[in-house]
Amino acid sequence: MTLHADYDPDNIFAKILRGEMPSVKVYEDETVLAFMDVFPQSEGHTLIIPKDVQACNFLDLPTEKVGAYMERVQKVARAVEKALSPDGVVVTQFNGAPAGQTVFHLHFHVIPRWSDKALSGHASGQMADIADLEAIATKIRAELA
Ligand code: 5GP
């Protein structure tokens with residue numbers, strides 16, 4: 001998908017937002033939904049997506065929406081750090097397939113890192129056990145309450 005492709009309202013994250021597909025939610029308000037990545041690169045890998053906007057990527061997000069969105073990205077990243085006490089936290093996102101993007105509704109990744117643990121591959125491997133994701137999400141939600 002090129003950087004400037006049309007937004008597909010049937011992408012998987014749009015379906016999650018509409019409640020047509022399940023997700024393990026950690027946070028939701030009028031601006032964002034945050035949920036666990038089902039192919040986590042590390043324990044606690046969380047995605048934050050904006051609501052009410054058809055943005056394939058960060059470049060598409062109307063500038064006036066950037067502030068509120070990034071506040072939520074930081075809020076979730078802080079909660080992940082408090083909940084899981086990693087040694088570091090990657091906050092990242094990809095724009096366009098050549099940059100590594102695989103789902104074309106804007107999202108930021110929050111990926112905890114531990115010094116002695118390698119990252120799993122991006123958007124690959126085995127789907128996580130949903131009960132395991134729920135247990136991690138419970139810890140993160142507690143820091144967002
Ligand atoms: P991207 O490659 O677009 O930056 O990231 C997409 C992310 O979405 C990947 O990390 C991938 O593991 C995750 N993902 C793909 N499909 C699903 C899904 O159905 N549910 C959830 N929760 N995550 C997904």
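Note: the structure precedes this text.
A short tour of the structure in this document, coming up. Owing to the predicted nature of the structure, the values given are computational and were not obtained by experimental measurement. Here, residues in each chain are numbered from 1, in the same order as that chain's written sequence. Local features are withheld for residues below a pLDDT of 70 in this predicted model, meaning they are given only at 70 or higher, and side-chain atom pairs are given and counted only at 80 or more; totals for whole chains, interfaces and linings count all residues. Only hydrogens and water are set aside when side-chain values are computed; all heavy atoms of the structure are taken into account.

What counts as a ring pair is set by centres within 6.5 Å for rings of Phe, Tyr and Trp (its six-membered ring), and what kind of pair is set by the plane angle: stacked under 30 degrees, edge-to-face over 60, tilted for all other angles. For the coordinates displayed, the defined rule picks out three aromatic pairs. Note on Phe58 and Phe108: the rings are 5.3 Å apart at their centroids and 85° apart in plane angle, and the pair reads as edge-to-face. Note that Phe58 is positioned in the loop between strand E3 (46–50) and helix H2 (63–84) and Phe108 in strand E5 (residues 108–113), a separation of 50 residues in sequence. Taking the relative accessible area as the measure of exposure, Phe58 reaches 26% and is therefore partly exposed. Feature note: the residues Phe58, Tyr69 and Phe108 constitute an aromatic cluster, connected by ring pairs. Over a ring means this: the NZ of a Lys or the CZ of an Arg is within 6 Å of the ring centre and within 35 degrees of the ring normal. The side chain of Lys117 reaches across the aromatic face of Trp114, ending 4.8 Å from its centre. Working definition: helices are DSSP H or I runs of at least four residues, strands are E runs of at least two. Numbering for both runs from the N terminus. Relative accessible area decides the class of each residue, using a 1.4 Å probe on protein chains only: under 20% of the type maximum gives buried, over 50% gives exposed, and in between gives partly exposed.

Right, let's get into the site of the ligand. The nearness test applies per residue and asks whether one of its heavy atoms lies within 4 Å of the molecule or strand. Taken together, 19 residues lie around the ligand, and Asp37, Thr102, His107, His109 and His122 are the ones closest in. Counting of polar contacts relies on pairs of N or O atoms within 3.5 Å, with two restrictions inside protein: one atom must be capable of donating a hydrogen and the other of accepting it, and residues adjacent in sequence are counted only when both atoms are side-chain atoms. Contacts to the ligand include His109, whose side-chain N or O atom sits 2.8 Å from an oxygen atom. Computed with a 1.4 Å probe, the accessible areas rest on the Shrake-Rupley method; for each residue, only the protein chains presented here act as cover. Out of a free accessible area of 520 Å², the ligand has 91% covered by protein chains. Elements represented by at least two residues in the shell around the ligand include exactly helix H1 (12–17) and strand E2 (32–36). A per-element tally of the shell around the ligand places H1 first, with three residues. Residues that form the shell around the ligand fall into these classes: 11 nonpolar, seven polar and one charged. Gly counts as polar in this scheme, as do all residues outside two lists: the nonpolar Ala, Val, Leu, Ile, Met, Phe, Trp, Tyr, Cys and Pro, and the charged Asp, Glu, Lys and Arg.

This part takes up the pairing of E3. With five of its five residues buried, E3 lies for the most part within the structure. For two strands to pair, DSSP has to find at least two bridges joining them. Note: E2 against E3, five bridges, orientation antiparallel. Paired with Val32 across the strands is Pro50, a residue of E3.

In short, shape yes, function no, at least from these values alone.
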